[in-house]
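Below are the chains, spelled out letter by letter.
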Amino acid sequence: MAIVWGVIGMTLGQKIKDHRINLGKTMEEYGKRFEPPAHKSIVSKWEKDISKPNVRRLKLIADDMNITVTELLNGSDKT
């Protein structure tokens, strides 16, 4: 099933997971993109919406996705 950007109701965790998969990264590999690195268990918690990345990591994720932090957190009109 393809996930389309801008779908209403898509959680932050779903967006992070979709982005990670599109990059072809495992949770461990994705976590190493951050400084300090995020353990794969932390990435898993983000993707399951158990916790959220801190502000600095949210900014890095949003930048990597070419969107703003607001768009990452609240959705976007982009399709």
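Coordinates for the structure precede this section.
Overview of the structure. (Residues numbered from 1 in each chain as written. Predicted model: local features only at pLDDT ≥ 70, side-chain atom pairs only at ≥ 80, totals over all residues. Heavy atoms only, no water.)

Re the overall build of the chain
Working step 1: Broken down by element type, the chain carries 5 helices and 0 strands.
Working step 2: Relative to its 79 residues, the chain shows a buried fraction of 30%.
Working step 3: Across the chain, the fraction of contacts at a sequence separation of at least 24, relative to all contacts at a separation of at least 6, is 40%.
Working step 4: Surface accessibility of the chain: about 5300 Å² in total, with carbon and sulfur atoms responsible for 55%. (Helix = DSSP H or I, 4+ residues; strand = E, 2+ residues; numbered from the N terminus. Buried < 20%, exposed > 50% of the residue type's maximum accessible area, 1.4 Å probe, protein only. Contact = heavy atoms within 4.5 Å. Areas by Shrake-Rupley, 256 points an atom, 1.4 Å probe, with all protein chains shown as cover.)

Details of the pattern of salt bridges
Working step 1: Inspection of the entire model under this criterion finds 4 salt bridges.
Working step 2: With a closest N to O distance of 4.0 Å, lysine 32 and glutamate 28 form a salt bridge.
Working step 3: Of the charged contacts in the structure, one is a salt bridge between arginine 33 and aspartate 64, with a shortest N-O distance of 2.7 Å. You can see arginine 33 sitting in the loop between helix H2 (27–31) and helix H3 (40–47) and its partner aspartate 64 sitting in helix H4 (residues 55–65), a full 31 residues away along the chain.
Working step 4: Residue class for arginine 33 comes out partly exposed when judged on its relative accessible area of 38%. (Salt bridge = Lys/Arg side-chain N within 4 Å of Asp/Glu carboxyl O.)

What to know about the environment of asparagine 54
Working step 1: Looking at the secondary structure, you find asparagine 54 in the loop between H3 and H4.
Working step 2: Since its relative accessible area comes to 35%, asparagine 54 is described here as partly exposed.
Working step 3: One polar contact links the side chain of asparagine 54 to the main-chain amide nitrogen of arginine 56, over a distance of 3.2 Å.
Working step 4: Within the structure, asparagine 54 has its side chain in polar contact with the backbone nitrogen of arginine 57 (distance 2.8 Å). (Polar contact = N/O pair within 3.5 Å; in protein donor to acceptor, adjacent residues only side chain to side chain.)

A short note on the packing of helix H1 (residues 12–23) against H4
Working step 1: At a minimum axis separation of 11 Å, H1 and H4 run at an interaxial angle of 55°. The pairing of H1 with H4 is recorded here as oblique in orientation. The element H1 and its partner H4 pack so that their crossing is left-handed. Contacts between H1 and H4 involve Leu12, Lys15, Ile16, His19 and Leu23 from the former and Leu58, Ile61, Asp64 and Met65 from the latter. (Axes fitted to C-alpha atoms, helices over the stretch in contact; angles between N-to-C directions. Parallel < 35°, antiparallel > 145°, perpendicular 65-115°, else oblique. Left-handed = near helix turned anticlockwise from the far one by under 90°.)

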